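Examination of the molecular architecture
Residue strings, one per chain:
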Amino acid sequence: MSTTPLHAQGEPLSLADQAFLQLQDRLIFLDIPPGAPLNEGRLSQELQLGRTPLREALKRLESEHLVVTYSRRGTFATTVDITALSEISQVREVLEPLAARLAAERRGGDSRPQLEELSDLLASPGNERLPKDEALRWDVRIHRAIYAAAGNSHLQVTLERYSNLATRIWCVVADRIPELQEHITVHSALLSAVLAGEAEEAGTIMLHHVQDFETQIRQVL
């Protein structure tokens, strides 16, 4: 069986896409620390990819504000700008509920099987108490699934960018947040509303979810 990563449509990812997704994950969850240099030679060996797809991925990551390149100095992971929390939240409080409503209106559309799978997994024994790093990854995974289910590629791209920036802020303060699981369990109700076609309920849950995200972060800053 092939282990090549696939697009949501089932098409194999390009080498540049593979590099982008792997590096994006490391940058979002701070496995590559903010401000750290990204050495092309080392990354090429680690990812087992050539320099050309790697450079394409780095250009895309720069457009996502996850890396920055300086002439004669190289490429670095961007710092995490906690002061941008308010601006990021303003955008997300408008667009995240919109995505949830659209996803519910379509009852998940082509993404319905994925949403059903996520809903079942959340209800599985053993997921009642997740480690914080796993809970954060669940948060990102479910949000991305809902963005795709909304059926608007422009909205999806925009929200993924702001969600990534928000997640980096969350990772900086996660150890100081006493209860993260409650924030994650909201997703069960959110997914249920989307799958049931309850657009207004899904939008309301998502709005409160995003607002709770900002509130919890501000409490520990």
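Description of the structure in this document. Note that the structure is predicted; figures quoted are calculated from it, not measured. (Residues numbered from 1 in each chain as written. Predicted model: local features only at pLDDT ≥ 70, side-chain atom pairs only at ≥ 80, totals over all residues. Heavy atoms only, no water.)

**A few points about helix H7 (residues 153-173)**
This is how the line gets drawn: For helices the rule is a DSSP run of H or I covering at least 4 residues; for strands it is a run of E covering at least 2, with both sets numbered from the N terminus onward. Here a helix's expected span is defined as the number of its residues, less one, multiplied by 1.5 Å. Note on classification: 1.4 Å probe, protein chains only; a residue is buried when its accessible area is under 20% of the maximum for its type, exposed when over 50%, partly exposed between these limits. N or O atoms closer than or at 3.5 Å make up a polar contact, with two conditions inside protein: a donor-capable atom paired with an acceptor-capable one, and, for residues adjacent in sequence, both atoms drawn from side chains.
The end-to-end C-alpha distance of H7 is 31 Å, a good match for the 30 Å that 21 residues give at a rise of 1.5 Å each. All of the buried residues along H7 are Leu155, Leu159, Ser163, Asn164, Leu165, Ala166, Thr167, Arg168, Ile169, Trp170, Cys171 and Val173. For H7, the side-chain oxygen to backbone nitrogen distance between the N-cap and His154 is 3.1 Å, and the N-cap itself is Asn152.

**Focus on the packing of aromatic side chains**
In plain terms, the rule: Stacked, tilted and edge-to-face are the three classes applied to pairs of Phe, Tyr and Trp rings, where Trp contributes its six-membered ring and a pair requires centres within 6.5 Å; stacked means planes under 30 degrees apart, edge-to-face means over 60, and tilted covers the rest. Sitting over a ring, as applied to charges here, requires NZ of Lys or CZ of Arg to be within 6 Å of the ring centre and within 35 degrees of the ring normal.
For the coordinates displayed, the defined rule picks out two aromatic pairs. Ring geometry for Tyr70 and Phe76: centres 6.0 Å apart, planes at 55°, overall tilted. On the basis of relative accessible area, Tyr70 is assigned to the partly exposed category, the value being 37%. Where Trp170 meets Phe213, the ring centres are 4.8 Å apart and the plane angle is 15°; that geometry is what we call stacked. Note that Trp170 is positioned in helix H7 and Phe213 in helix H9 (residues 199-220), a separation of 43 residues in sequence. The class of Trp170 is buried, set by a relative accessible area of 2%. Classification of Phe213 by relative accessible area gives buried; the value is 6%. Residue placement shows Arg137 over the ring face of Phe29; its charged tip is 4.0 Å from the ring centre.

**Looking at the packing of H7 against H9**
Applicable threshold: To get an axis, fit a line to the C-alpha atoms, keeping to the stretch in contact for a helix; angles then go from 0 to 180 degrees between the N-to-C directions. Here is the rule for handedness: rotate from the far helix to the near one, and if that takes an anticlockwise turn smaller than a right angle the crossing is left-handed, while a clockwise turn gives right-handed. Whether two residues touch is decided by their heavy atoms; if any such pair falls within 4.5 Å, the residues are in contact.
Where H7 meets H9, the axes come as close as 10 Å, and the angle between the chain directions of the two elements is 35°. For the crossing formed where H7 meets H9, the hand is left-handed. Of the residues in H9, those touching H7 at Ala166, Ile169, Trp170 and Val173 are Phe213, Gln216, Ile217 and Val220.

**Regarding the pairing of strand S3 (residues 74-77)**
Selection criterion: Pairing between two strands requires that DSSP report at least two bridges joining them.
Here strand S1 (residues 37-38) pairs with S3 via two bridges, running antiparallel. Residue pairing across strands places Leu38 opposite Thr75, the latter belonging to S3. Pairing analysis gives four bridges linking strand S2 (residues 67-70) to S3, with the strands arranged antiparallel. Opposite Val67, over in S3, you have Ala77 as the bridge partner.

**Side note on the nonpolar core**
Defined as follows: Each nonpolar core is a collection of buried residues, namely Ala, Val, Leu, Ile, Met, Phe, Trp, Tyr and Cys, held together in the definition by side-chain atoms within 4.5 Å.
One finds Leu23, Leu27, Ile32, Leu38, Leu61, Trp170 and Ile217 to be the most contacted residues of the largest nonpolar core, which totals 36 residues. Looking at this core, the elements with two or more residues in it are helix H1 (15-28), helix H2 (40-47), helix H3 (51-63), helix H4 (85-105), helix H6 (132-149), H7 and H9. Looking at which element gives the most residues to this core, the answer is H7, with six residues. Residues Ile142, Ala145, Ile146 and Leu195 belong to the second largest nonpolar core, which totals 21 residues.

**Focus on unusual backbone geometry**
For residues that are not glycine, phi is negative in most cases, and the peptide bond is trans in most cases. Positive phi values are uncommon outside glycine, yet Leu30 reaches one of about 65°. Looking at the element boundaries, Leu30 is found in the loop between H1 and S1. Located in the positive-phi region is Arg72, a residue other than glycine, with phi close to 70°. Turning to its location among the elements, Arg72 is positioned in the loop between S2 and S3. Given the relative accessible area of 84%, Arg72 is considered exposed.

By themselves these figures say nothing about function.
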